[in-house]
Amino acid sequence: MKRLPFVLLIILLTGSFFAFKSSVARTPPGKYEQIMGLVGQLLEQGHFSPQNIDDNFSKKVFDKFMDDLDFEKNVFLKSDYDSLAALYATRIDDEIKGAPVRSFLAISSVFDRRIQETAGWSKTILAKPFDYTVNESITLNTDKLQYPGSSTEREDRWRKKLKYLALERYVDLQDERTANKNEKGYVVKSDTDLEKQARSRTDTVIGRLFERYKAKYRDDDKFDMFMNAIANTMDPHTSFMAPVDKRYFDEEMSGVFFGIGAALMQSDGKIKITSLNAGSPAEKSGQLQTGDIITKVAQGDGPAEDLMGYNVQDAVKLIRGKEGTIVKLTVRKTDGVVKVVRLKREKIENDFDTYARSAVINDPVKHTHVGIIYLPEFYAAFDDPNGRRSYLDVAKEVQKLKDAKVDGIIIDLRYNGGGSLFDVVNMVGLFVGKGPVVQVKGRGNRAEVLDVKDESVLYDGPLAVMVNEFSASASEIFAAAIQDYGRGVIIGGTSTFGKGTVQRNFGLDAKNGITYGESDLGTVKLTLQKFYRVSGGSTQLKGVESDIVLPSYMDVLKLKEKDNKDALPYDEIAKASYLPWRSAWNMPEIKTLSDQRLKSDSSFKVIKDNSQWLVRENDESSLNIDGYRKERKAIKEKSEQMNAAQKLKNKMDVTLIPSEANKFAGDKTKQERANQWLKGLSEDIYLNQAADVVDDMVNIDRLAKNNAPAQHP
């Protein structure tokens, strides 16, 4: 495979960075100024399609940052927006180019003041009963909201938010009373008591929200958001990561991290242990059990950080760290006892949740066995030459399925957001062999074709690829190549996500400016190139259109690349030279057979109709209890219909590969996850359709072979 043409770019970029660093050294900037300056240089000189960093760019950053802080439009006033915009909306570009950083600090200061006001209002509002007989409503679609014009309007908007949250809990408590009123020992409470209890629970939830503002909305945290707003304005996939976020990103990509080996969840605002990995520091210590609540985390003998207001991801970032280092957890046991547990971080491999895995769909009627390979991402341990790679793991799963004598294979890339370009190119080669896979074009450069040199094909049988609206980047490269070669059938929603761009990480270092390794100021993930199919079209914006379209709820949510106003455009280049795959089946025949099944299957009509209705209905909600109950009943009925439609009435027989039937026998947690995964597959209406498509391909192949002329020596 050809390497990406990064070398020349890096040389050019590095020279400009050193020039920048020396020019600002005469007036030493603070940390914020230094970061903004380095990021500005990266965006202007390295981005694939840079916007001018001018007043227009500055205005877009300003609006994005304001929206990131207050997407519900209930913190800032319209006058706040106007006054801040007058002073700073056209200043951000100047700060990127070296002016003292004032915009972010001023916006942050106003935000903090408004949050304090809102916190005070919440206590006052929740101290009195709500009147649920009043006919009023709340707008839930934040795109339809503008900043409130006065404090009275802002307070009323916040009142409606609190009333809505309390109403949800009040109705739930009433329903719980109805369901349990005849149960022995159940205390039946009056509506007055339940309404008060609902407000109390809402106060607790909102209190945790404000605790989170205190814990995670410090100046440095908001500056990270500000820098990300700047990067995202250039395009949605250019981003800024603080050092701890970069480490977490790398761990998620590799599936390997150094920690304690405990799964966590947020429950009632608390960080709770849900399971312990077998053989992990958490399990071996004998001091931690499922249900324990982690209240504080300390690094070695350093001060403990309170987790009040933290979400699970932020808590995990604190608990993970370098191999061999000490982390101390303050834990409240299930019996109420509080203790401090000292643990040494060790290597943890998240193999079940991160890596490729396979199963077999057995159909005794059709006498077929179809293999499915689930790949959550195109992972790669970039810093470990001996680490696991997704294409090698997929190759192993393919060989296992071949050994199990499956008749066809499904590659499940649903929700796969991409990953390693090297791995996706080689993975295509497993099914196509020698030839081009994808074209990559940099800023002002000719397109380079990335190809497979190895002529051997690991698997040449019937193949289907499952995708959905969140299959992105490398997933789209794989699906596009399989489709362009005519190697298999793409099955899913109308199209994939539409991310056809390439990013590379650049570190920001206080001493050295731009680095390509560890960085103390943060990391910029920069869009440098664009992907193009071998047929010439970009996967950007349009994504990959499915051969077999199955209606889905996500298709109406408008969460794809094309729904982002900052997305780069679609374009085309010349096609690469490649030879399409020859097979017995043809796409029109496969589509006809699938269409016949879908016409007789009412489930997908229910999914399509109900999903469109639910999206419209969720724009607004009544705050009158009778109106709310009526709306909720209708939403519940539609949701239940759709959920039922997505589950097969007659489950498929899905098992692990026979040779791996007892693979997780020694790890109860992984065995339970495997059982849950198999159960989900057996009920999956989309997988059932994909299996039927593969069965069609198998049958057509069998007929072709039976009708083929005899071969003589």
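Residues numbered from 1 in each chain as written. Predicted model: local features only at pLDDT ≥ 70, side-chain atom pairs only at ≥ 80, totals over all residues. Heavy atoms only, no water.

(A) Molecular detail of the overall build of the chain. The helix and strand inventory of the chain stands at 21 helices and 23 strands. Over its C-alpha trace the chain gives a radius of gyration of 28 Å, about what one expects of a compact globule, namely 27 Å for 713 residues. Structurally, the chain occupies a C-alpha span of about 90 × 80 × 50 Å along its principal axes. In the chain, the proportion of contacts linking residues at least 24 apart, taken out of those at least 6 apart, comes to 76%. Element-wise, carbon and sulfur atoms account for 50% of the exposed surface of the chain, whose accessible area totals about 33,600 Å². If you average the places of the 105 positive and of the 104 negative side-chain charges in the chain, the two averages end up 1 Å apart. (Helix = DSSP H or I, 4+ residues; strand = E, 2+ residues; numbered from the N terminus. Rg over C-alpha atoms; globule rule 2.2 N^0.38 Å. Contact = heavy atoms within 4.5 Å. Areas by Shrake-Rupley, 256 points an atom, 1.4 Å probe, with all protein chains shown as cover. Lys, Arg positive; Asp, Glu negative; His and termini not counted. Charge placed at Lys NZ, Arg CZ, Asp CG, Glu CD.)

(B) Seen up close, the side chain of Glu95. Positionally, Glu95 belongs in helix H5 (residues 92–96). In terms of polar contacts, Glu95 uses its side chain to reach the backbone amide nitrogen of Arg102, at 2.9 Å. Excluding residues that lie within four positions of it along the chain, Glu95 makes contacts with Met36, Pro100, Val101, Arg102, Ser103 and Phe226. (Polar contact = N/O pair within 3.5 Å; in protein donor to acceptor, adjacent residues only side chain to side chain.)

(C) Representation of the sheet that holds strand S12 (residues 368–374) in the model. Overall, mixed pairing links the seven strands, which are arranged S21-S17-S16-S13-S12-S11-S23 in an open sheet. Edge positions in the sheet fall to strand S21 (548–549) and strand S23 (653–655), since each has one partner strand and no second. Strand direction decides the pairing type here: strand S16 (residues 463–466) and strand S17 (residues 489–492), joined by three bridges, are parallel. Each bridged residue has a counterpart across the sheet, and for Val465 the counterpart in S17 is Ile490. (Pairing = 2+ DSSP bridges.)

(D) Structural view of the nonpolar core. Among the nonpolar cores identified, the biggest contains 69 residues, and Met36, Phe76, Leu84, Phe226, Met227, Ile230 and Leu508 are the most heavily contacted of them. Leave out the neighbours within four places in its chain, and Phe226 touches Met36, Val61, Phe65, Ile92, Glu95, Ser103 and Phe104. Within the second largest apolar cluster, 49 residues are counted, among which are Ile373, Ile409, Leu463 and Tyr578. (Core = buried A, V, L, I, M, F, W, Y, C linked by side-chain atoms within 4.5 Å. Buried < 20%, exposed > 50% of the residue type's maximum accessible area, 1.4 Å probe, protein only.)

(E) Region of the structure containing the pattern of salt bridges. Going through the model one piece at a time under the given rule, you end up with 47 salt bridges. The shortest N-O distance in the salt bridge between Asp175 and Arg632 comes to 3.0 Å. Taken together, the residues Asp175 in helix H7 (residues 151–180) and Arg632 in helix H19 (residues 625–645) connect sequence positions 457 residues apart. Residue class for Arg632 comes out partly exposed when judged on its relative accessible area of 27%. For Glu195, the salt bridge identified is with Arg199, shortest N-O distance 2.9 Å. With Glu195 and Arg199 both in helix H8 (residues 191–216) and four residues apart, the pair spans about one turn of that helix. Put simply, Lys366, Arg597, Asp692, Asp695 and Asp696 are held in one network by salt bridges that share partners. (Salt bridge = Lys/Arg side-chain N within 4 Å of Asp/Glu carboxyl O.)

(F) Spotlight on unusual backbone geometry. The phi torsion at Lys73 lies on the positive side, around 55°, for a residue other than glycine. If you trace the backbone, Lys73 turns up in the loop between helix H3 (55–69) and helix H4 (78–88). The phi torsion at His367 lies on the positive side, around 60°, for a residue other than glycine. You can see His367 is positioned in the loop between strand S11 (357–363) and S12.

(G) Seen up close, the packing of H3 against helix H9 (residues 219–234). Between H3 and H9, the least distance of the axes is 9 Å, while the angle of their chain directions is 130°. What the angle tells us is that H3 and H9 run oblique. When the axes of H3 and H9 are compared, the crossing they make is right-handed. Facing H3, whose interface residues are Phe57, Lys60, Val61, Lys64, Phe65, Asp68 and Leu69, H9 presents Lys222, Met225, Phe226, Ala229, Ile230, Asn232, Thr233 and Met234. Grouping the amino acids of the contact of H3 with H9 by side-chain chemistry returns nine nonpolar, two polar and four charged. (Axes fitted to C-alpha atoms, helices over the stretch in contact; angles between N-to-C directions. Parallel < 35°, antiparallel > 145°, perpendicular 65-115°, else oblique. Left-handed = near helix turned anticlockwise from the far one by under 90°. Nonpolar A, V, L, I, M, F, W, Y, C, P; charged D, E, K, R; others polar.)

(H) Fine view of the confidence of the model for the chain. Of the residues in the chain, 92% reach a pLDDT of 70 or more, and the chain-wide mean stands at 87. Note on residues 1–27: pLDDT is under 50 here. Beyond four places in sequence and across chains, it has 42 contacts. Confidence drops under a pLDDT of 50 for residues 708–713, and excluding neighbours within four residues, the segment shows zero contacts in the predicted structure. (pLDDT = per-residue confidence, 0-100.)

(I) Here's a closer look at the packing of helix H6 (residues 103–126) against H9. For the pair H6 and H9, interaxial distance at closest approach is 10 Å and the crossing angle is 120°. The angle between the axes of H6 and H9 places the two elements in the oblique class. Both H6 and H9 take part in a crossing whose hand is right-handed. Each of Ser103, Phe104, Leu105, Ser108, Phe111 and Asp112 in H6 lies in contact with H9, whose residues at this interface are Asp219, Lys222, Phe223 and Phe226. Its residues assigned to classes, the contact of H6 with H9 comprises five nonpolar, two polar and three charged.

(J) Geometry of the pairing of strand S14 (residues 435–442). Counting buried positions along S14 gives seven out of eight residues, so the element sits mostly inside the fold. The pairing of S14 with strand S15 (residues 448–452) spans five bridges and is classified as antiparallel. The partner of Pro436 across the bridge, within S15, is Asp451. Where S14 folds back onto S15 in an antiparallel hairpin, the turn is made up of five residues, including Gly444, whose phi is positive at roughly 75°.

(K) Geometry of the packing of aromatic side chains. Applying the stated criterion to the full structure yields 24 aromatic pairs. For the pair Phe111 and Tyr213, a centre-to-centre distance of 5.7 Å together with 75° between the ring planes defines the contact as edge-to-face. Of this pair, Phe111 sits in helix H6 while Tyr213 sits in helix H8, and the two are 102 residues apart along the sequence. Judged on exposure class, the residue Phe111 and its partner Tyr213 are both buried. On the numbers, 6.1 Å between centres and 10° between planes, the contact of Tyr415 with Phe470 is stacked. (Phe/Tyr/Trp six-rings, centres within 6.5 Å; stacked < 30°, edge-to-face > 60°.)

(L) Representation of the environment of Tyr532 in the model. By the secondary structure assignment, Tyr532 is in strand S20 (residues 522–532). Taking the relative accessible area as the measure of exposure, Tyr532 reaches 1% and is therefore buried. The spacing of Tyr532 and Asn228 is 304 residues in sequence and 27 Å in space, taken between C-alpha atoms. Dropping the residues within four chain positions of it, Tyr532 is found in contact with Val438, Gln439, Lys441, Gly537, Ser538, Asp571, Glu572 and Ile573. At 2.8 Å, the side chain of Tyr532 and the side chain of Asp571 are in polar contact.

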